[in-house]
Every structure is written in C-alpha cells, then in structure tokens.
Amino acid sequence: LKVTFTPIHRRDKGITGTIALLQDATEQEKLEQSRRQFVANVSHELRTPLTTIKSYAEALGDGALEERELSERFVGVISNETERMIRLVTDLLHLSRLDSNQAPLRRRATKIHDMLDEVADRFSFQLRQKSIQASVRVERKLHTAWLDRDQIDQVLDNLMSNAIKYTLDGGSIELIARRSSDGSLLEISVKDTGIGIPKKDLSRIFDRFYRVDKARSRNMGGTGLGLSIAREIVKAHGGTIALYSELNEGTMVTFSLPLLQEGGEPE
Ligand code: ADP
C-alpha cells in the first residue's frame, strides 16, 4: 500500500487540512515484475539459439568447412536453430497482437464436428508416426457455434500438438465437444493418455515460457508459449480454459466458450 499526504493550503489561513491518498501499489508492482520477468525470458530464449548459431558458424569458418560430412551436420544445426527463432518470434508477435487487441474476432458459423475432424486430419502424419489413435466425439444436437475459426483452430492445434508431443507411442487422444450442464457453453476437450504433469507445476502451466522440463520441451521444438496463446484466444472469445492432469496417466485441457448464435446472441 502506497500512502501520500498532501497538505491543503488556504490563502491567509495556512494549512487547513491534509489529503491522504491510499494507493494499492501491489497490483502495479506485480505487473511491473512480471513484465521484467517476461523481457528476461525473451532475451534468454533468443540468446540460446543465437549462441549456438554463432559457435557453429565459427567452427565452419575455422576449418570444419573442409570436411563435407561435418559441415553438413553443422549447417543442419544452424538451420534448426534458425527455425526455432522464427517460431519463437512468430509466437511472440501473435501474443503481442492478442495483448493489444489487434486481433479482432471474425466470428463465423462453424460446424463443430468438421472443425474437430480437421484438427485430427492436420496431424494425421504425426499421429501415424507415433501410432497414436485419435478420435472425435461430439454430443448429439451440437452442430454449429459462432466463433473465429482461424483463432480457435490455433487453440486446437496448440493443444493437439502438445497432446502428441507428451504422449508415448501407442497412446490415444480424444477430441470431445459437449454442452455445459446449463446449456450455455460449448466445452471442447483435448484428452490424452500421455506422461502427465506433476501437481506442483499445474498452477504455472499457462504462464509464458513455463515448461515442466525445459530441455525436453526445447528438443520437441516447443517455445513454451503454446498454452499462453491458447488462453489469450479463449479469453478474447469470452471463454475460459483449464487443464487437468495426472502424472503418468494423462492430461485433459478443456476450454469453454459462450454458445452464441449467428449475430452474437446467446442461444
Ligand atoms: P511448449 O511449447 O513447451 O509445449 P506450452 O505452453 O504449449 O509450451 O506448454 C507448456 C508446458 O506444459 C510444456 O512444456 C509441457 O511441459 C506441459 N504440457 C502441455 N501440454 C501437455 C500435455 N498434454 N501433457 C503433458 N505435459 C504438457
């Protein structure tokens, strides 16, 4: 709590009173603290691939170029690290557009079953590679929703790609759509039989750059921003997102969106 006192002066009467201003500084400080943390994280995340690129480029310059096989490997590393930086910067730009509300929603009537089928189709190659079964289940009479298809596809892609990344070969993933019990919300879940998340990490899992296992996530090509982006998009739709997980059993991420008819009226 920040307290400031300002005396009240009256002409020829001197000080006649005091204004005490009580400000809740904690909220502002917390915001400032998290902004600083974010800048530190971004710098670190960019610096890591840059350092790698620099040292491999130097090794090439110092003679590795003479050896065909070695130089091909080094160029491969440089190219991978560059791709990681591009992914990171793309995610950061996306987040910043969401933060500043520069990504206005373009809601359209969307067929829910088709939307989920298409997510599974987009990932069919990766699913087959890991022998993971994906299934889609949509509650009866749940046909269309009024939402920004591109943005919700991004949410689904982020959740699906996590589910695949953190599920061992031979596991399964379910995409489920249903109404909330009072009928006002569309609830979509991505449920996997993967490695799960330890209890102690659950509260921070939507934080920017938070990962359970940094090295593992990096190796899988993760930026640590997927869930944060998903949460911002869901928020922009007036919805909420939650993650439930049991270590070594699996994870389910559910987001709920107000079920709107065309034009934005509640159903
Ligand atoms: P990343 O790019 O690292 O996947 P996310 O923001 O998408 O970043 O996820 C944050 C972290 O949450 C991941 O690094 C991972 O540790 C954990 N996580 C997310 N989804 C799952 C899942 N389905 N199963 C297990 N862990 C998950």
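Up top is the structure these notes are about.
All values derive from a computational prediction rather than experimental measurement.

Novice: It is not clear to me how the nonpolar core should be interpreted in this structure. Could you clarify?
Specialist: Inside soluble globular proteins, nonpolar side chains tend to come together where they are buried. Ranked by size, the top nonpolar core spans 47 residues in total, and within it Leu156, Leu186 and Phe255 carry the most contacts. Element by element, the count of residues in this core is highest for helix H5 (residues 149-165), at seven residues. Setting aside chain neighbours within four positions, we find Leu186 in contact with Ile112, Leu142, Ala145, Leu147, Ala177, Arg178, Phe255, Ser256, Leu257 and Leu259.

Novice: Whenever I open this one, the sheet that holds strand E9 (residues 250-258) confuses me. Can you help?
Specialist: Whenever strands of a sheet pair, they do so through backbone hydrogen bonds, lying parallel or antiparallel. Sheet architecture is open: five strands sit in the order E4-E6-E7-E9-E8, paired in mixed fashion. Edge positions in the sheet fall to strand E4 (133-138) and strand E8 (240-246), since each has one partner strand and no second. The mean angle between the axes of side-by-side strands here comes to 10°, regardless of whether they run parallel or antiparallel. Bridge count for strand E7 (residues 185-192) against E9 is eight bridges, and the pairing is antiparallel. Bridging from a neighbouring strand, Leu185 pairs with Pro258 of E9. Relative to E8, helix H7 (residues 226-236) is tilted by about 140°, and along the sheet it contacts E8 and E9.

Novice: Help me understand the packing of aromatic side chains in this model?
Specialist: Here the distance between the centres and the angle between the planes together describe a pair of aromatic rings. If you walk through the whole model with that rule in mind, you get two aromatic pairs. Between Tyr56 and Phe74, the aromatic rings sit 4.9 Å apart at their centres with planes inclined by 80°, giving edge-to-face as the arrangement. Taken together, the residues span a long stretch of sequence, with Tyr56 in helix H1 (residues 25-61) and Phe74 in helix H2 (residues 68-99) at a distance of 18 residues. On the accessibility criterion, Tyr56 (26% relative accessible area) is partly exposed.

Quick notes on the rules
Residues numbered from 1 in each chain as written. Predicted model: local features only at pLDDT ≥ 70, side-chain atom pairs only at ≥ 80, totals over all residues. Heavy atoms only, no water. Core = buried A, V, L, I, M, F, W, Y, C linked by side-chain atoms within 4.5 Å. Buried < 20%, exposed > 50% of the residue type's maximum accessible area, 1.4 Å probe, protein only. Helix = DSSP H or I, 4+ residues; strand = E, 2+ residues; numbered from the N terminus. Contact = heavy atoms within 4.5 Å. Pairing = 2+ DSSP bridges. Axes fitted to C-alpha atoms, helices over the stretch in contact; angles between N-to-C directions. Phe/Tyr/Trp six-rings, centres within 6.5 Å; stacked < 30°, edge-to-face > 60°.

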